[in-house]
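Listed here are the chains, written in short residue letters.
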Amino acid sequence: MGFTTIRLGVIFDQRAYSRSGADTKDFYHPEEHYGTLNEFKQLVKEAHKREIKVMIDFPLTISPKHPWVKDPEKQNRFIIEDGNESNQENNQSVTSPKLNMNDPETAQYVSKVAKWWLQETKIDGYFFSQVDQIPEAFWSGLIKKIKSENKDLYIVGELSEKASVNLRDYKNIGFTSLLVPSTTLKLRESFKTPNHSLTKLVQDVGKIESSYLIKSTDGPSFSRFTNDIVAANQFPGDRWEPSLTYLFTTPGVPMIDYGSEIAITGDDPMMDFRADPDLIEFIEKLGRARNHYLSLTRGDFTLLYENEGMAVYTRSYKNETAFIALNNTSEKQEILIPTDKLGSKKQLIGLVNNDLIKEQNGNYPLSINGEESEIYIVRDDHGLKMLNVIVIIAIPIVFLILYFYIWKRGKNNG
């Protein structure tokens, strides 16, 4: 499907399984149910053979049973406060202590652990949650230290749901990308049912550093997007396609939770596997397009048209232009894009449904079925060249001459 990076949830040893890793008891050992350290190293090695990078989630909370909790000399290394993930123990709620990043020894410990995993396993990056609740000075120091091991390290930070921060500050600190929950919520709301306007989404593309953002409709912090679709009495495949097109063709980095490619339902990620080969094939086409055409990853974004869910926009990079038509409505849409938007004498070559559109009377006519989309690459339309015309005419003439020769020869031999 064209994915270039695997993000694994927390693999550190835990007292009890937690999707967020809030119950971590040992940062230097993998969770035994996942396998051994050597097996993890082999996983990373095999991924690298396939040109796939591996990043892991790094929690900044510990288990209530962590050795520090009962050590009188380590009490300044953690903070117990409301709002941390609660775990159940003997039918009682147990709060996971949060590491105190203002403590120099704790900050040094986290940096040491992060560098150890890089050196030992050759992973390619880290994912940190609720980064806005940690002092920026800590992040600046940590990122500087771990990037000394690998300057190309991919570091993603997830903001808390109600964070109010300047994204540029985190970019300057050294984060490669940020995941903003409010953006995910907007995506889910816009695509769970058809006929939602995409105006707010595309306006955000122009206002914020959108190319710096991770884009997703699923994730450990949310229920499955397919749940929202089913609850709205919609067919998952129809709703996933326009949302995936948006993720793969607008500025930013698409992140797809495993199971989304088969439109999985249920809050537990291991439940309700129902393969959707059409959706997998669709993602394959999107992945090939995104990996092949730089305009889809680095290009400028220009909105050409948006009306109650029908959006048309371009991505341009150097001499390459991608033209995207996304129909988030339930009805077939037919619109005309004037030549002053794309230039005259062009042809639009479809990468998903193999459409081909040429200029007609000063416009490019689009016809997109409801809840479908198409990615076009814009090329100059040179028409039929003389050489091509000669070849087209010559082929049947040569065939007739050859047929006549064989017939005559057979008749003479007879």
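Let me begin by describing the structure that accompanies this report. What you see is a predicted model; the values in this text were computed from it and never measured.

## Regarding the overall build of the protein
Right, on to step 1. When you go through the protein residue by residue, the secondary structure sums to 12 helices and 21 strands.
Right, on to step 2. With 414 residues in all, the protein has 46% of them scored as buried.
Right, on to step 3. Taking as baseline every contact in the protein between residues at least 6 positions apart, the subset at least 24 positions apart corresponds to 64%.
Right, on to step 4. As displayed, the protein has an accessible area near 22,000 Å², and 50% of this comes from carbon and sulfur atoms.

## A closer look at the sheet that holds strand β15 (residues 310–317)
Right, on to step 1. One open sheet holds the six strands; their spatial order is β14-β15-β16-β21-β18-β19, and the pairing between them is antiparallel. Among the strands making up the open sheet, the edge pair consists of β14 (300–307) and β19 (356–358). If you compare each strand with its neighbour and ignore which way they point, the axes differ by 20° on average.
Right, on to step 2. Sheet analysis places β15 next to strand β16 (residues 320–327), joined by eight bridges and oriented antiparallel. Opposite Ala 311, over in β16, you have Leu 326 as the bridge partner.
Right, on to step 3. Contacts between helix α8 (residues 236–249) and the sheet are confined to β15, β16 and β21 (373–380), with β16 contributing the most and set at about 155° to the helix.

## Focus on the packing of aromatic side chains
Right, on to step 1. For the structure on display, the rule yields 21 aromatic pairs.
Right, on to step 2. When the ring of Phe 12 is compared with that of Phe 58, the centres are 5.3 Å apart and the planes differ by 80°; the resulting orientation is edge-to-face. A residue pair is termed long-range when its members are at least 10 positions apart, and Phe 12 in strand β2 (residues 12–14) and Phe 58 in the loop between β4 (53–57) and β5 (78–79) qualify at 46 residues.
Right, on to step 3. On the basis of relative accessible area, Phe 12 is assigned to the buried category, the value being 0%.
Right, on to step 4. A residue is classified by how much of its surface remains accessible, and Phe 58, at 3% relative accessible area, is buried.
Right, on to step 5. For the ring pair Tyr 126 and Phe 128, a centre distance of 5.9 Å and an interplane angle of 40° mean the geometry is tilted. Taken individually, Tyr 126 and Phe 128 each receive the classification buried, so the pair is uniform in this respect.
Right, on to step 6. Between the NZ or CZ atom of Arg 7 and the centre of the ring of Phe 127, over which it lies, the distance is 3.4 Å.
Right, on to step 7. In this arrangement the basic side chain of Arg 77 is found over the ring face of Trp 68, its NZ or CZ atom lying 4.8 Å from the centre.

## A short note on empty space enclosed by the protein
Right, on to step 1. Counted under the stated rule, the structure contains three cavities of 30 Å³ or more.
Right, on to step 2. Roughly 130 Å³ of volume is contained in the largest cavity.
Right, on to step 3. If you trace the largest cavity, you find 12 residues lining it, with Thr 183, Asp 204, Val 205, Lys 215 and Tyr 246 closest to the centre.
Right, on to step 4. Elements with a minimum of two residues in the lining of the largest cavity: α5 (181–191), α6 (199–207) and β12 (213–215).
Right, on to step 5. The biggest single contributor to the lining of the largest cavity is α6, with three residues.
Right, on to step 6. Among the residues forming the lining of the second largest cavity, the class breakdown is five nonpolar, four polar and three charged.

## Quick word on the packing of α8 against helix α9 (residues 277–292)
Right, on to step 1. Direction vectors running N to C along α8 and α9 enclose 15°, while the axes themselves pass 11 Å from each other. In terms of orientation, α8 lies roughly parallel with respect to α9. Remark: the crossing between α8 and α9 carries right-handed chirality. Here Trp 240, Glu 241, Leu 244, Thr 245 and Phe 248 of α8 come into contact with α9, specifically with Leu 279, Phe 282, Ile 283, Leu 286, Gly 287 and Arg 290.

## Some points on unusual backbone geometry
Note: most peptide bonds trans; most residues except glycine with negative phi.
Right, on to step 1. Positive phi values are uncommon outside glycine, yet Gln 130 reaches one of about 50°.
Right, on to step 2. A positive phi angle, close to 60°, is found at Glu 371, a residue other than glycine.
Right, on to step 3. For Glu 371, the position within the fold is in the loop between β20 (363–368) and β21.

## Overview of the nonpolar core
Right, on to step 1. Core analysis: the biggest nonpolar cluster contains 44 residues, and Phe 58, Val 110, Tyr 126, Phe 128, Phe 138, Trp 139 and Phe 175 have the highest contact counts within it.
Right, on to step 2. Listed by contribution, the elements that provide at least two residues to this core are α1 (37–49), β4, α2 (104–121), β9 (125–128), α3 (136–147) and α4 (167–173).
Right, on to step 3. Those residues in contact with Phe 58, other than ones at most four positions away along the chain, are Phe 12, Phe 27, Val 110, Val 113, Ala 114, Tyr 126, Phe 127 and Phe 128.
Right, on to step 4. Core analysis: the second largest hydrophobic core is formed by 31 residues, Val 202, Ile 229, Leu 279 and Ala 322 among them.

The rules we used
- Residues numbered from 1 in each chain as written.
- Predicted model: local features only at pLDDT ≥ 70, side-chain atom pairs only at ≥ 80, totals over all residues.
- Heavy atoms only, no water.
- Helix = DSSP H or I, 4+ residues; strand = E, 2+ residues; numbered from the N terminus.
- Buried < 20%, exposed > 50% of the residue type's maximum accessible area, 1.4 Å probe, protein only.
- Contact = heavy atoms within 4.5 Å.
- Areas by Shrake-Rupley, 256 points an atom, 1.4 Å probe, with all protein chains shown as cover.
- Pairing = 2+ DSSP bridges.
- Axes fitted to C-alpha atoms, helices over the stretch in contact; angles between N-to-C directions.
- Phe/Tyr/Trp six-rings, centres within 6.5 Å; stacked < 30°, edge-to-face > 60°.
- Lys NZ or Arg CZ within 6 Å of the ring centre and 35° of its normal.
- 1 Å grid on protein atoms, 1.4 Å probe; cavity = no way out; pocket = protein on both sides within 12 Å on 5 of 7 lines; lining within 4 Å.
- Points joined across faces, edges and corners; volume = space filled by probe spheres on them.
- Nonpolar A, V, L, I, M, F, W, Y, C, P; charged D, E, K, R; others polar.
- Parallel < 35°, antiparallel > 145°, perpendicular 65-115°, else oblique.
- Left-handed = near helix turned anticlockwise from the far one by under 90°.
- Core = buried A, V, L, I, M, F, W, Y, C linked by side-chain atoms within 4.5 Å.

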